[in-house]
Amino acid sequence: LSIARIERCEALEHEMLAGVGGQFEAPEARQIEISRTPSKHFVFKSLTPLDASDAQAQLAAAIKASPKQSLLVFVHGYNVSFFDAAMRTSQLAHDLSFQGEAIFFSWPSAATTAAYSHDEEAVQLSEPAFDRFLDDLGNSGATEIFLVAHSMGNRLVTKVLSDRVSKGKPTPHLRELLLAAPDINAEIFREQILPGLETLQGTHRSIYASSSDLALRASKIVHDYRRVGETIGGVLTFADFETIDASGAAPSLRSFGHSYVVDSVKVLGDIAETIDLHFGADQRNLPRQGSPPSAWWLLK
């Protein structure tokens, strides 16, 4: 087990107040900066391998000392390195102004565009490790856990949570389950995953989907099945989940429109209201579309 600690700087706080969000603050090529400057950029300061007991002790101490005993957990998707997952987690915690501690689970993606099939196998092989990871988080002292999964990482998160419920294993203090751009076969999700989540108590559940997500549209073509996170042909709705159609707020800045959950100021703001205020979609004044039990909400 490794812990990657990333420090955030005062300069970035001022930029967030000005409305800049969803971007890595890194050196620009035209500035001919060879290295990152801690006063201006996100900086990966150190990587310290720890055994399980030391990691758990450090996490518990950090949570106890934080303004809120809350934990933000990020699970990355396809084509993401350990370094990129660490930086993305730090950026997400910063842009959400999260008052607790942030941690990420890094499954062994090959971190190359051509390795989609490899990553599909790797994420499945990571299920036992993620199950143990959730056990450790349950003993961390966090009173609230906010779990954000992106892309292919949603397969890992939803499968393991569903299995835990079916086995009677608790996942204590899981306040929010947020599935961002889920690259999951929609039929598998509905028929095999959802039944296992029916008795997951006390957890608010959201799905962010978009018709502008070209990566998921490509995944649909590759697999010949619709993905949970794409809305071409209509927004998919699922029992006990609030589906947010973020097509109107999903820029195509990176990853063919697949990273809008961290690229879009509007999406980040909506997530922040969900986490900070514990507001559902109606309380966030999102326009409701359709009618129960097949309603969804628009984020524009």
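You'll find the structure just up there.
Quick caveat: nothing in here was measured; it's all calculated off a predicted structure. Each chain carries its own residue numbering, running from 1 in the written order of its sequence. Totals for whole chains, interfaces and linings use every residue, but because this is a predicted model, local features are given only for residues with pLDDT of at least 70 and side-chain atom pairs only at 80 or more, for both listing and counting. Working from all heavy atoms in the structure, the side-chain values ignore hydrogens and water.

**A closer look at the overall build of the chain**
Okay, so step 1: Secondary structure elements follow DSSP: runs of H or I no shorter than four residues count as helices, runs of E no shorter than two count as strands, and numbering proceeds from the N terminus. For the chain, the count of helices and strands is ten helices and ten strands.
Okay, so step 2: Whether a residue is buried, partly exposed or exposed follows from its accessible area with a 1.4 Å probe, protein chains only, as a fraction of its type maximum: under 20%, in between, or over 50%, in that order. Looking at the chain residue by residue over its 300 residues, the buried ones come to 50%.
Okay, so step 3: Throughout, a residue-residue contact means that at least one pair of heavy atoms, one from each residue, lies within 4.5 Å. The contacts in the chain between residues at least 6 apart in sequence include a share of 75% that link residues at least 24 apart.
Okay, so step 4: Counting only carbon and sulfur atoms, one obtains 54% of the accessible surface of the chain, whose full area is about 13,900 Å². Surface exposure here means Shrake-Rupley accessible area, sampled with a 1.4 Å probe, where a residue is shielded only by the protein chains that are shown.

**Focus: helix H8 (residues 214–223)**
Okay, so step 1: Where H8 starts, the residue carrying a side-chain oxygen 3.2 Å from the main-chain nitrogen of Ala215 turns out to be Asp213.
Okay, so step 2: Following H8 by one or two positions, Asp224 has its phi on the positive side, about 65°. Pairs of N or O atoms within 3.5 Å make up the polar contacts considered here, provided that, within protein, one atom can donate a hydrogen while the other can accept it, and that residues adjacent in sequence are counted only when both atoms are side-chain atoms.

**Some words on the environment of Asp270**
Okay, so step 1: Mapping Asp270 onto the fold places it in helix H10 (residues 265–277).
Okay, so step 2: On the accessibility criterion, Asp270 (4% relative accessible area) is buried.

**Some remarks on the pairing of strand S6 (residues 174–180)**
Okay, so step 1: Within S6, six of the seven residues are buried, which leaves it mostly tucked inside the rest of the structure.
Okay, so step 2: Only strands that DSSP links by at least two bridges are regarded as paired with each other. Across six bridges, strand S5 (residues 144–150) lies against S6 in parallel orientation. By the bridge assignment for S6, His150 is matched with Ala180.
Okay, so step 3: The handedness of the S5 to S6 crossover, carried by helix H6 (residues 153–166), is right-handed.
Okay, so step 4: Between the parallel elements S6 and strand S7 (residues 204–209), the chain passes through helix H7 (residues 186–197) in a crossover that is right-handed. Look down the strands so they point away from you; if going from the first strand over the helix to the second traces a clockwise path, that crossover is right-handed.

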